[in-house]
Amino acid sequence: MSDIRRIQLDVTGMTCRMCSAHIELKLNSIDGVRASVDFPSATATIDADSAVSVAALCAAIADAGYQGELRWERPRTAEDLKIPGGPIKRIARLTRLLSRGRRMQEAGIQTPDAATPIR
C-alpha cells in the first residue's frame, strides 16, 4: 500500500454533476488511477500509483475542459476509505460498447437485432 498515494485536487469550471462524471471518467481511464470527483466540494480524490504524476492528472482534467490544481498529496493509509468509482467505469464500458455497435452499423456490418432471439 505504500506505493499508492492519496491525492486531492481542486477542480474549477464544473457547472453540474455531469461535469464531475466526465472528469471522473477521464481520470479513471489512466492506468493505476482510481478517482472520485465531487461536484459540491469541487474536488477530485484520487488513489494513484507512484508512476502517475500530478501533472498527468491535471492534464487529464484539462483535456476534459476543466482545471485541476493540487490541494494535497500523501501516502495512502489503511484508514483511508476505498474510492468507489465502479458505476462510472460500468457506464464507460457500456458507452464504448454502444459506440462500437453504432460504428459497425454505419460500416454495414450486420449486428444482432434486439428482436431476434440469441441462440
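As named in an unreviewed UniProt entry, the chain is Cation transporter, taken from [Mycobacterium] holstebronense.

1. Observations concerning the sheet that holds strand S3 (residues 43–49)
Strands sit in the order S2-S3-S1-S4 across an open sheet of four strands; the sheet is antiparallel. Across the chains shown, the open sheet's two edge strands, defined by having one partner strand only, are strand S2 (33–38) and strand S4 (67–75). Strand-to-strand, the axes of this sheet are offset by a mean angle of 20 degrees, without reference to chain direction. Sheet analysis places strand S1 (residues 4–12) next to S3, joined by seven bridges and oriented antiparallel. The residue bridging Arg5 from the neighbouring strand is Ala48, located in S3. Docked against the sheet, helix H1 (residues 17–28) engages S1, S2 and S3, running at close to 170 degrees with respect to S2. The strands touched by helix H2 (residues 54–63) are S1, S2, S3 and S4; relative to S1, the strand with the most contacts, the crossing angle is about 35 degrees.

2. Remarks on the pairing of S3
Counted residue by residue, S3 has six buried out of seven residues, so it is predominantly covered. Pairing geometry for S2 and S3, over six bridges, is antiparallel. Residue pairing across strands places Arg34 opposite Asp47, the latter belonging to S3.

3. Brief notes about unusual backbone geometry
The phi angle at Ala42 is positive, at roughly 55 degrees, despite the residue not being glycine. Of note, Ala42 is situated in the loop between S2 and S3.

4. Section: H2
For H2, the set of buried residues is Val54, Leu57, Cys58, Ala60 and Ile61. Relative to the axis of H2, the buried residues are bounded by an arc of 155 degrees and lie together on one face. For H2, the exposed residues lying more than 90 degrees away from the buried face are Ala55 and Asp63. Packing partners of the buried residues in H2 comprise S1, H1, S2, S3 and S4. Positive phi appears at Gly65, one or two residues downstream of H2, with a value of about 100 degrees.

Each value, and the rule that gives it
- Residues numbered from 1 in each chain as written.
- Predicted model: local features only at pLDDT ≥ 70, side-chain atom pairs only at ≥ 80, totals over all residues.
- Heavy atoms only, no water.
- Pairing = 2+ DSSP bridges.
- Helix = DSSP H or I, 4+ residues; strand = E, 2+ residues; numbered from the N terminus.
- Axes fitted to C-alpha atoms, helices over the stretch in contact; angles between N-to-C directions.
- Contact = heavy atoms within 4.5 Å.
- Buried < 20%, exposed > 50% of the residue type's maximum accessible area, 1.4 Å probe, protein only.
- Arc of directions from axis to C-beta.

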